[in-house]
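# Structural overview
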Amino acid sequence: SGSGAGLSNVPASAITGLNVDARPNFQTAEYTARTTFTFTHNYTTVPSLSCTITPTNSNSKILIQVLIMGWAGGGKYDAVWGIRRAISGGSSTDLGYGADGLRQGTMYYETDTTQNYQGHCFQYWYVDTPGTTAAITYTPRIRNGYTAGSRTFYYNRDFGYYNYQSYRVGGSRMTVMEVQP
């Protein structure tokens, strides 16, 4: 007390109780194949893109970031996005913000163009509090907002318009990261 001792003089072994883990708990997935899938007014799983993470603390939060490249046939403005959380040995839950009907309060997404038939960047994120240390798999989901029936999603590519040999292409990515309390 009052000695003016600097913190550089304190040995690391003397610092206790911080419970700091310098290793990030971080998982990522990438899917670059060009394909299509059908979706309806019920949530449909985006194929071949998911991340599994095992939290180290039951009070941890999980930051989920999703970037999907593609074109939602019939228009991008009617695509509602979500995330499914599946806890190993437990339940599956579709995550989203309240009142997500008709795109109000849904997962945020950003589109890079207003023209039809071009690939878009659908980007959104969510902070989950799963309350477990069991392995959790997160998977992106999509559904129609207004449209009845089914639509085609052009995954990692655009519609192709008149020149089917020169699709504009991209890759989709997903990242999950534990944020400890």
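Let us look at the structure shown here. (Residues numbered from 1 in each chain as written. Predicted model: local features only at pLDDT ≥ 70, side-chain atom pairs only at ≥ 80, totals over all residues. Heavy atoms only, no water.)

### Some thoughts on the side chain of N156
For N156, the position within the fold is in the loop between β10 (151–155) and β11 (172–179). There is a polar contact of 3.0 Å between the side chain of N156 and the backbone oxygen of A33. A distance of 2.6 Å separates the side chain of N156 from the side chain of S172, its partner in a polar contact. (Helix = DSSP H or I, 4+ residues; strand = E, 2+ residues; numbered from the N terminus. Polar contact = N/O pair within 3.5 Å; in protein donor to acceptor, adjacent residues only side chain to side chain.)

### Observations regarding the nonpolar core
A general feature of soluble globular proteins is that nonpolar side chains tend to end up buried together. With 28 residues, the main nonpolar core has I64, I68, W81, Y138 and F153 as its most contacted residues. Tallying contributions element by element places strand β5 (residues 61–72) first for this core, with five residues. (Core = buried A, V, L, I, M, F, W, Y, C linked by side-chain atoms within 4.5 Å. Buried < 20%, exposed > 50% of the residue type's maximum accessible area, 1.4 Å probe, protein only.)

### Describing the packing of aromatic side chains
In this structure the tally under the stated criterion is nine aromatic pairs. Aromatic side chains F39 and F153 sit 6.5 Å apart centroid to centroid with 70 degrees between the ring planes, which places their arrangement in the edge-to-face category. Taken together, the positions of F39 in strand β2 (residues 35–39) and F153 in strand β10 put the pair 114 residues apart, joining distant regions of the chain. Between W81 and Y124, the aromatic rings sit 5.7 Å apart at their centres with planes inclined by 35 degrees, giving tilted as the arrangement. Of this pair, W81 sits in strand β6 (residues 79–87) while Y124 sits in strand β8 (residues 120–128); the two residues are 43 residues apart in sequence, bridging distant segments of the chain. (Phe/Tyr/Trp six-rings, centres within 6.5 Å; stacked < 30°, edge-to-face > 60°.)

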